[in-house]
Structure formats: C-alpha cells, structure tokens
Amino acid sequence: MEGANPVNKKLAAVLSGGAVLALALTGCGGSDDNEKLDAWAKQVCEGVQPQAKKIEAANSAIQKETSDNSTPAEVQKTDAKAFQDMSDAYKAMGTTVQKAGAPDVDDGEKKQKDAVTELNGLSASYASLRKQVEELDTKDQAKFADGLKDIATELNKLSKSGSNALKTLEEGDVGKAMAEQPSCKAATPSASTAKS
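Because the structure is predicted, anything quoted here is derived from the model rather than measured.

1. Topic: the overall build of the chain
Right, on to step 1. Within the chain one finds nine helices and zero strands.
Right, on to step 2. Listing the helices and strands of the chain from first to last along the sequence gives α-α-α-α-α-α-α-α-α.
Right, on to step 3. Within the chain, buried positions represent 47% of all 196 residues.
Right, on to step 4. Looking at the chain alone, contacts between residues at least 24 apart form 85% of all its contacts between residues at least 6 apart.
Right, on to step 5. Of the accessible surface of the chain, which amounts to about 9600 Å², a share of 50% is contributed by carbon and sulfur atoms.

2. Focus: the packing of aromatic side chains
Right, on to step 1. Applying the stated rule across the entire model yields two aromatic pairs.
Right, on to step 2. With a centroid separation of 6.3 Å and 35° between ring planes, the pair formed by Phe 83 and Tyr 126 is classed as tilted. Of this pair, Phe 83 sits in helix H3 (residues 72–100) while Tyr 126 is found in helix H4 (residues 108–134), placing the two residues 43 residues apart along the sequence.
Right, on to step 3. For Phe 83, a relative accessible area of 0% puts it in the buried group.
Right, on to step 4. Ring geometry for Tyr 90 against Tyr 126: centres 5.5 Å apart, planes inclined by 10°, an arrangement best described as stacked.

3. Considerations on unusual backbone geometry
Right, on to step 1. For Asp 107, which is not glycine, the phi dihedral falls at a positive 60°.
Right, on to step 2. Mapped onto the elements, Asp 107 comes out in the loop between H3 and H4.
Right, on to step 3. A relative accessible area of 56% places Asp 107 in the exposed class.

4. Points about the pattern of salt bridges
Right, on to step 1. Counting across every chain of the model gives eight salt bridges.
Right, on to step 2. Note that Lys 42 and Glu 46 form a salt bridge whose closest N and O atoms lie 2.9 Å from each other. Here Lys 42 pairs with Glu 46, and both are found in helix H2 (residues 35–67), just four residues apart, close to one helical turn.
Right, on to step 3. By relative accessible area, Glu 46 is classed as partly exposed at 42%.
Right, on to step 4. Arg 130 is the partner of Glu 134 in a salt bridge, and the nearest nitrogen-oxygen pair spans 3.4 Å. Taken together, the residues Glu 134 and Arg 130, both in helix H4 and four residues apart, mark about one turn of the helix.

How each quantity is defined
Residues numbered from 1 in each chain as written. Predicted model: local features only at pLDDT ≥ 70, side-chain atom pairs only at ≥ 80, totals over all residues. Heavy atoms only, no water. Helix = DSSP H or I, 4+ residues; strand = E, 2+ residues; numbered from the N terminus. Buried < 20%, exposed > 50% of the residue type's maximum accessible area, 1.4 Å probe, protein only. Contact = heavy atoms within 4.5 Å. Areas by Shrake-Rupley, 256 points an atom, 1.4 Å probe, with all protein chains shown as cover. Phe/Tyr/Trp six-rings, centres within 6.5 Å; stacked < 30°, edge-to-face > 60°. Salt bridge = Lys/Arg side-chain N within 4 Å of Asp/Glu carboxyl O.

Structure below.
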C-alpha cells in the first residue's frame, strides 16, 4: 500500500528546495562598522533563527514520513502539521522584521515593508496548503496521490517565487551586518540538510 509514496517523495524534494526561503535571512560574509545596523541585524537574526529551525524540522518531518511506508492518513497528518508550522514560522519572521523597523540603509523602509509583505504572504500560502492537504481523500489512494501532485506543484511555485524581497532586504551592508551575527551563522543549514 505505498502508491502515494512516490508522489510524496516528490513533495519532500520540492519542500527541501523551499526550505531555502526560510534561510534567506542569514547574511553572507563581510563586516561593517555601523552600530545601528548591527543592532538591527542582531534583533532580526535572533528572531529568525528559531523560526528557520522550525521550518527545517517541518521539512524533516515530511521527508521522514515519505521514507517510511506510511498510509495516506499518516502522510496527511504529518504534512498538515508541517505546513501549519511553516505558516506560523513565516508569520513570526514577518513580525520580527516588522518590529526591528527599517534597517539603516538606502531604501531601508521600502525593503523592510516588502520583506514583511512577502513573509506574511508565505505564511498565508502555507496555511492554504495545510487546508488543501486536510481536504484530500485518504481512503482513495489514487485520488490522494493526485491531490499531493497538485500540492507539490503549488510548493514548486512557492519555492520559485518566494524570497525576492528578502534577498533585496539583505543586499549590501545589511547582509554584511547579518553575516557577523552568531545567530544568523547558526541558522545556515549544513550541506547535508540542504540537498534536494
């Protein structure tokens, strides 16, 4: 009874690509002497790190479920919880960036607003995926597999459209300041967790 598994494996592969979104706020090398910016980066990194871990854990849960010979009902339960966790995590990231205020750089306010909008949008998208997976028919394996295919397609779109505003937010000096924060360094996944 593992007809749904190949599709769910695809779902897991797509998800591990999507996990990169969660870690877009982790900076990338260099340093700067702007104290205001450093304080901003510290606040954001400390708020984002636990959420990035939560998203990574949700991804792992889905991948673990797909490697077992799980029933559609088990897959549904795990995926629904994982999507809800991701939704909560992106929402919390949006709140963190909102509370931190605009970074002390050119167009800081616009970059901050765009990132918050994007994070809240991701939160809503994952909440919607949770509803979708909860509505799948677990008694009909073929229908369930088809439903998972649709969800995988949505996830694929999400992982492609996701983190543009976050990338913009952390360009230049912001990225440098974030890269100096131990909590941002800790949020970066190891190569083994990032493989798809």
